[in-house]
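# Residue-level structural notes
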Amino acid sequence: MFANCIQDFRYSLRQFRKSPGFAFTAIAVLALGLGANVAVFTLIDGILLRSLPYAHPDRLVAINAPSANGFTMLLNYSNLKQLSDAMGSRTQTGVMLDQSRASVVGPGGRLQVEQETVSSDLMTVLGAQPQIGRSFRPEENEPGREHVLLIGDDVWRRLFNQDPQVVGKSLLVKGRSYTIIGVMPKEFSFPFGGEKQVWSPATIGPQARSAMAGPKQVWGTLFARLPEGVTAASLEADLNRVQAQIAKEVPDSEIPLKLEVTNYQQSLNHQARKPLLLLYMVVFGIWALACLNVTSLMLVRAIGRSREMAVRSALGASRSRLLQQSIVESLLLSIAGSVLGLLTGQLVLKVLWHQIERNLPLTNEVHLEWRVVVSLIMLTCITALLTGIVPALRAARRSVQEDLHGVNSTASASHTRMREGLVIAQLALTLVFLVGAGLFLRTISALRQVPLGFGQQNVLTGGVIVNPTMDAADSDEESAHGLNLVQSAYLPLLDRLRAIPGVRVAALSSVLPMRSEFAVSLAMTLDHKKTAYAQNPTADGRLATAGLVDALGIPMMRGRFFAEEDSSTAPVVVVINEAFANKYFAGQNPVGHTVSMGKGRFADARIVGVIANMKQTDVTKPTKPEMYFCLAQIEPGTPLYGIAKAFMQVAIRASVPADALRAQFDKALHDVAPDATTTDVETIHEAVEDSFGSQTLTSRLLEGFALLALVIASVGLYGLLSFTVAQRTREIAVRFALGAQQASILQMVLRRAQVLMVAGLACGTTLAWFAVKLTQGYIYGVQSHDAATFASVIGVLAAACFVAAWMPARHAAAIEPVVALRSE
Amino acid sequence: MSGTIIEIENLTKVFYTDEIETHALSGVHLTIDRGEYVAMSGPSGCGKSTLLSIIGLLDTPTGGRYTLNGKEVANLNFADRSRIRNQEIGFIFQSFNLIGDLTVAENVELPLTYRTGMPSSERKKKVQESLERVNMAHRMRHYPAQLSGGQQQRVAVARALAGSPSILLADEPTGNLDSKNGEAVMKLLQELHQEGATICMVTHDPRFAAHAERQIHLFDGKVVAEGELNQLLAEV
Ligand SMILES: Nc1ncnc2c1ncn2[C@@H]1O[C@H](COP(=O)(O)OP(=O)(O)O)[C@@H](O)[C@H]1O
Ligand SMILES: [Mg+2]
């Protein structure tokens, strides 16, 4: 048996060497089919299937409070503590409070790290132990004791060059000195998938412990480990009951009522589930197409070699032996295809990485893993069986007698029908892919045509985190020190940016269009009209400096935008957008009206201008009301100073291509704030393109797959027709002998192609009609049953069929009539 | 209705393959008159099929003259050759060459469908007539695979007759048949000849060659006299 196999392998290799065209085509088609699967399966493995690096990750749950508009609200620590107490001592819990970036310096140089502030028991819930040093102690959340730090393995390597003596050393994070107590293991991260993380205990004083309202609250997310016998659903029911009780006891509270308990992993990847499954269906289709194609190629060879097979079986080779030979052959092809496919798949991921990273969660954890390889091996074997068995069975079924005599030279009709069926199926699948790609192309072009309300030429944007040397919690302390980030960092930064040669306008804003934003909802009163809290006008609160409208090219509808004279001593001014004006000042001129927020100067802010609407984060959504405050008028203690301190964004309009300014932007920033970090420095055009997000990714993938399918199906049709022509050479010669003209033979072949094509298009259109349901929710600006898309896709496929059919038809017409006389 | 149908002078055919020249025909002279029944014989590889394919306009000669029905046809283009073949020539092949996916009737009709402007009713009539002529009309709707070899060859003869050609060309028409069926086909050809058909048949079976009224011997690409042939064969 084994010796047989070796012999079969050798024989197959010899066969491939004899017909390299066949081997090349089959391997290439399989590589594409398997490669697409590898690419998507790598994503699915990394994002959906990986088990998290915690003890019993399936029992780890996150407790979230979903809000009506799809966001997750944080709960205050006091609330979390009560919930945690209600769960009893059997359930371990921990809290994650804050997450921020910081630029730190160590022996290994400067590194941008992510600081997670947590409750001291969190590591216990995760079941994680440091590889060096110790974990947090319970008392380390108390003010004064919290300056201890656990660092991630990558931070240890890069910042401390893997110094084994790192425990006990200190590290300055945002101006505070922390003592390093331990290094977490290499695979550990929390929140999962983060990089360059450090963990420190949150400062939770007695007031924070009990505050259910007011400025002393601290906020967080609760994590718990389910004990034996408790399910997420039962915990959720319990917690919701407890939460209702808590809410009753706190009068006038704004605490969320609805809690959700989800497996931690699911909470991370649930939004990726649907797109990944859609993608998987697509690549499954591609794989099926590749199998159909290779099966038909193998069938051709089986028929071409049927006489040889007949001789072998006349010589006593058993049917199973012949089957084995065929499967060995398809296995060899599949193995070569899967090796090539593995490379192709990784290449595809590399090429599309930018889009993938932007649109799918947990992408840090996407690597080629053994699970992917194992599944590829399985798929390869299935492929080999599918593509090898059918041709072998078909060949074995042919009568030995007939083949040895070779009298009846016309091909067996059942063979031809089977191959025609395979080609029709290929064309049908291809049509489905083409329709999908067509719909997404239309979507992207529809998205690009949405008027944005701002200019895209030569504008560079970037996020700025100044990393002030003081912690966010101590704003009192800060004002006491007289430190004002606006005056000390932002306004000087603006001056420097404006001085860069080629910069026409530079401006700062807390939110720039199409970039990730901190949405801050403001409630206010207009013209001092008292209304119930719930009926107060609300708007997205934003900060901006003079020049923003010029940098982004936003038209002014009324009044003016901020100017240099709007300083910290001048009367407070605000600018609203059209959406705000339409909603709250319908039919009036808003300029001159007053807006009140809180007390003092901000109780009497005057509207000085109305800007045109611009798209916010999603071009498909209508613009919400916005209200801008002037950054220069913000200082510690005024509303929105918290935003300014956390995050600002820069918009620079230049007379040179915006890309060229990145380096100068970086330099200007570090001149005014050496510890500052930047996020997503990109042109506004890139930001817009990125905002199309999953549509771009899906569109790219579908376009690629559709093109692939088109090539595979065309090759399939071409192969079938070439084979048929080769098989019918004699018949065609006889037709010539009987007086056929070349044109009529050409027509005969093309008509065959036409019949196959019409059948393929009909099946494909029907299939696509139902398959487009999958695209609902993904496409925009086009109906899923868009007639123009269907029509043009049918046109494209028909044209490809014609091209694929033309060559075999020409070959047929060039057959010499004299062949009719030759005896075989 | 007599006269010369085929007039061949100094016909040569050279095949070039892999830098080897094969002189398949080297100076053939041949005349066939209307109503004649000519049998061509000679050893294997002497050029019989090559000569027949040139007579049947399946191939073009390398040199020499060929006049068919008074018209010079040696150097016509593909389309003209097809047209003339369709009207003037009827082929009968050794391996019948019926088309497997077509019924008997469709096979016989095939050469007529390549003729422009013949109405369907007339085609049907001709198909019926020629099938009746070979006694196969009752098998009209059958497929070739459902017939015996002898029956298939009779259908092939009907197909050759359907277009009322000037001459029937047959290349070893009995080569794939057993002797009984072979005899029957020979008898059919003889009858057709008696009814006035002009036939040129290649055979190396002397018994069948004897059916013809004139025998031509080919040797090494040349037509030789019978006596000469025996002498040449004796020399080999
Ligand atoms: N297409 C061709 N290419 C090259 N040589 C050929 C071709 N057809 C025939 N021949 C050669 O021409 C000679 C005559 O062949 P053919 O006419 O088939 O002989 P016959 O029919 O008498 O057996 C042979 O030597 C044959 O090998
Ligand atoms: Mg011959």
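Residues numbered from 1 in each chain as written. Chains lettered and ligands numbered in written order. Predicted model: local features only at pLDDT ≥ 70, side-chain atom pairs only at ≥ 80, totals over all residues. Heavy atoms only, no water.

Going by an unreviewed UniProt entry, chain B carries the name ABC transporter ATP-binding protein and comes from Acidicapsa dinghuensis.

The name that an unreviewed UniProt entry assigns to chain A is ABC transporter permease, with the source organism given as Acidicapsa dinghuensis. Recorded in UniProt under Sequence similarities (unreviewed entry), the annotation for chain A is "Belongs to the ABC-4 integral membrane protein family." What UniProt records for chain A under Subcellular location (unreviewed entry) is the sentence "Cell membrane". (UniProt positions renumbered as here; feature names shortened; annotations may be inferred.)

Taken together, the contacts link 20 residues of chain A with 25 residues of chain B. The contact between chain A and chain B buries some 2000 Å² in all, and 61% of this surface belongs to carbon and sulfur atoms. At the junction of chain A with chain B, the criterion picks out zero salt bridges. Where chain A touches chain B, the interface holds eight residue pairs in polar contact (both at pLDDT 80 or more). Per-class residue counts for the side of chain A that touches chain B are nine nonpolar, seven polar and four charged. (Contact = heavy atoms within 4.5 Å. Buried area = accessible area lost by both parts, 1.4 Å probe. Salt bridge = Lys/Arg side-chain N within 4 Å of Asp/Glu carboxyl O. Polar contact = N/O pair within 3.5 Å; in protein donor to acceptor, adjacent residues only side chain to side chain. Nonpolar A, V, L, I, M, F, W, Y, C, P; charged D, E, K, R; others polar.)

In the vicinity of ligand 1, the residues found are Arg822 of chain A together with Phe15, Thr17, Thr22, Ala24, Ser44, Gly45, Cys46, Gly47, Lys48, Ser49 and Thr50 of chain B. Gly47 of chain B places a polar main-chain atom, nitrogen or oxygen, 3.1 Å from an oxygen atom of ligand 1. Between Lys48 of chain B and ligand 1, the recorded distance is 2.9 Å, taken from a backbone N or O atom to an oxygen atom. When ligand 1 sits alone it has 560 Å² of accessible area, and the protein chains cover 67% of it. Those elements giving two or more residues to the shell around ligand 1 turn out to be strand 1 (4-17), strand 2 (20-33) and helix 1 (48-55) of chain B. (Near = heavy atom within 4 Å. Areas by Shrake-Rupley, 256 points an atom, 1.4 Å probe, with all protein chains shown as cover. Helix = DSSP H or I, 4+ residues; strand = E, 2+ residues; numbered from the N terminus.)

Let us now look at the packing of aromatic side chains. All names here are of chain A. Taken as a whole, this structure holds 18 aromatic pairs over all chains when the rule is applied. Between Phe16 and Phe22 the ring centres are 6.4 Å apart and the planes differ by 40 degrees, which places this aromatic pair in the tilted class. The pair Phe16 / Phe22 is uniform in exposure class, with both members buried. With centroids separated by 6.2 Å and ring planes inclined at 40 degrees, the aromatic side chains of Phe580 and Phe585 adopt a geometry described as tilted. The exposure classification of Phe580 matches that of Phe585, with both residues buried. An aromatic cluster is present here, built from Tyr54, Phe188, Phe190, Trp199, Phe223 and Tyr264 joined pairwise through their rings. One residue, Arg371, lies across the ring of Trp370, its end atom 5.4 Å from the ring centre. (Phe/Tyr/Trp six-rings, centres within 6.5 Å; stacked < 30°, edge-to-face > 60°. Buried < 20%, exposed > 50% of the residue type's maximum accessible area, 1.4 Å probe, protein only. Lys NZ or Arg CZ within 6 Å of the ring centre and 35° of its normal.)

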